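The residues making up each chain are set out below.
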Amino acid sequence: MPAGDFRSVGGRGTGSDAHGGAIHEIRADPNLRTGRRNRARRSYTRDVTHSSTRIPFGPPLAEADPEIAAAIRAEEARQSDGLELIASENFASEAVLEATGSVMTNKYAEGYPGRRYYGGCVHVDKAERLARKRAKKLFGARSANVQAHSGTQANMVAYLALLEPGDTFLGMALDQGGHLTHGHPLNFSGKTYNPVPYGVRRDTEQLDLDELHRLAREHRPRMILVGASAYPRIFPNPEIREIADEVGARVVTDMAHIAGLVAGGALPNPMPHSDIVTTTTHKTLRGPRGGLVLWNDRKLSKRIQSITFPGTQGGPMMHTIAAKAVCFHEALQPAFRDYARQTVANARELADALVEGGFRVVSGGTDNHIVLLDVRVRGTTGRAAERTLEAAGITANKNTIPFDPEKPMIASGVRLGTAALTTRGMRETEMRIVASFMVRALDGAGDRAALRRLRGEVAEFASGFPLYTRPAR
Ligand SMILES: Cc1ncc(COP(=O)(O)O)c(C=O)c1O
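Below is a summary of the structure that appears in this document. (Residues numbered from 1 in each chain as written. Predicted model: local features only at pLDDT ≥ 70, side-chain atom pairs only at ≥ 80, totals over all residues.)

## Focus: the overall build of the protein chain
Each helix and strand counted, the protein chain has 18 helices and 15 strands in total. In the protein chain, which comprises 473 residues, the proportion classed as buried is 44%. The contacts of the protein chain with a sequence gap of at least 6 include a subset with a gap of at least 24, amounting to 71%. (Helix = DSSP H or I, 4+ residues; strand = E, 2+ residues; numbered from the N terminus. Buried ≥ 20, exposed ≤ 12 C-beta atoms within 10 Å, placed from the backbone. Contact = placed C-beta atoms within 7 Å.)

Structural data, given as structure tokens:
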């Protein structure tokens with residue numbers, strides 16, 4: 001076979017060659033009205049798909065891969081029929097989903113807008129510039145990098161920008177509310193650096209600022225990491241900044257959980273008190289799954305940019321970056337302020353109603369979207385409670401509570417969050433109903449038939465707050 005004779009072995013050449021005549025006729029026939037011409041083109045595409053080795057542009061997912069299509073439909077039904085109380089989850093808008101599923105996924109764009117290693121980047125450049133501009137406006141930051149694939153990568157960028165291997169930093173202990181990336185021994189943060197954990201007071205279950213101050217003086221860390229995954233209170237950023245300045249430490253705030261509440265003005269903005277702020281875009285911020293890095297000091301720019309690319313990734317996910325831009329645009333609208341305020345109001349109502357139902361809420365309440373429930377009062381564990389709630393159509397996750405006597409895989413608590421239910425349009429009245437479902441589920445944990453009946457009630461209640469209007473995809 002002569003070099004270059006690719007048609008004889010299939011590939012793109014086979015398809016276009018076989019049908020080239022037909023498409024030519026369609027274009028040339030003046031008697032074909034536009035609609036008929038388009039229909040003819042569509043059937044041409046389908047023929048190609050089924051009869052050649054071209055990649056299948058044509059058939060929809062349901063035909064192309066019925067198994068995955070069924071899994072997606074079932075997941076959409078699960079999200080719609082149940083009550084989503086996982087504090088790190090939310091429902092992205094249809095516009096965000098559309099951008100995430102767009103052709104921008106096809107584009108390689110290593111580098112940054114205007115300085116790419118690939119051609120054809122004019123449109124993705126526009127999307128990334130918009131995403132950066134909107135992120136900066138949303139959080140009042142001078143600089144933004146929107147490329148991090150996840151919250152973990154965003155944190156990795158912050159560590160690499162400010163620390164050397166072996167350096168000491170303070171981070172909230174995982175069993176007191178912190179995240180894996182805040183110094184867990186199995187995570188890069190705990191393996192590469194020297195984490196000193198801080199935590200909460202036994203009596204208030206709120207941040208022990210005196211202990212943090214003492215640890216900072218004792219260990220002289222290079223960095224203090226502020227933020228958490230299961231802490232229902234506000235971090236005092238100005239006070240932590242003062243402590244950091246006293247000992248010569250940098251401040252990184254990981255606002256992954258609360259970013260949407262900050263964006264909507266329901267919680268104070270950590271930006272003015274931090275050297276670097278990192279976040280995910282998919283929790284309260286309600287965007288696509290991804291990370292974001294923000295900073296003010298231009299002296300950090302070169303490091304943060306080059307640590308992101310080429311330091312910790314290759315090509316950015318341009319479809320996700322486009323979707324982040326959409327999410328930031330949505331969060332800049334006045335309606336998002338109502339959403340943020342309602343999310344916090346809902347969490348407070350849920351906490352109150354659960355306390356009235358006989359539960360204990362860690363730290364006595366909440367300032368954000370998180371309610372950390374101590375389930376020991378019902379003689380159960382976090383793991384068992386998570387399973388019981390799931391059987392009733394309520395999704396939440398087991399979580400350790402401060403000074404938990406149980407192992408993390410068992411845990412004594414359940415972490416709840418109101419971001420997703422608030423997106424569905426639920427308010428305080430509905431939080432009381434949700435709390436009553438939870439109390440009934442946990443009180444009747446052993447009665448399978450009762451849990452099944454409750455699941456039906458939950459689904460009926462949830463159907464009053466419809467999710468997506470377009471077909472599942
Ligand atoms: C505070 C915090 N930081 C970072 C992350 C990591 O984000 P990702 O799962 O996108 O890596 C999380 C995720 O739950 C988190 O809660």
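## So, the nonpolar core
Ranked by size, the top nonpolar core spans 119 residues in total, and within it Ile224, Val293, Leu294, Leu350, Leu354 and Val371 carry the most contacts. Residues from two domains meet in this core; each of domain 2 (96-331) and domain 3 (335-463) gives at least three. Apart from residues no more than four positions distant in its own chain, Val371 is found in contact with Pro232, Ala347, Leu350, Ala351, Leu354, Val361, Thr366 and Leu416. (Core = buried A, V, L, I, M, F, W, Y, C linked by C-beta atoms within 7 Å. Domains from an automatic or database assignment.)

## Points about unusual backbone geometry
In the segment running from Phe309 into Pro310, the intervening peptide bond is cis, with an omega of 10 degrees. Positionally, Pro310 belongs in helix H12 (residues 301-312). With a phi close to 65 degrees, Arg286 is a non-glycine residue in the positive phi region. Residue placement: Arg286 occurs in the loop between strand E9 (276-280) and strand E10 (291-295). Unusually for a residue other than glycine, Ala411 sits at a positive phi of about 60 degrees. With respect to the helices and strands, Ala411 occurs in the loop between strand E14 (397-399) and strand E15 (413-417).

## Considerations on helix H9 (residues 209-219)
For H9, every residue scored as buried is listed here: Leu212, Leu215 and Ala216. An end-on view of H9 places all buried positions within 100 degrees of arc, on one side of the element. Summarising the geometry of H9, the exposed residues directed more than 90 degrees from the buried face are Asp210, Arg217 and Glu218. Those residues of H9 that are buried lie in contact with strand E5 (168-172), strand E6 (194-198), strand E7 (223-226) and helix H10 (237-247). Just past H9, the residue Arg220 takes up positive phi, approximately 45 degrees. (Arc of directions from axis to C-beta.)

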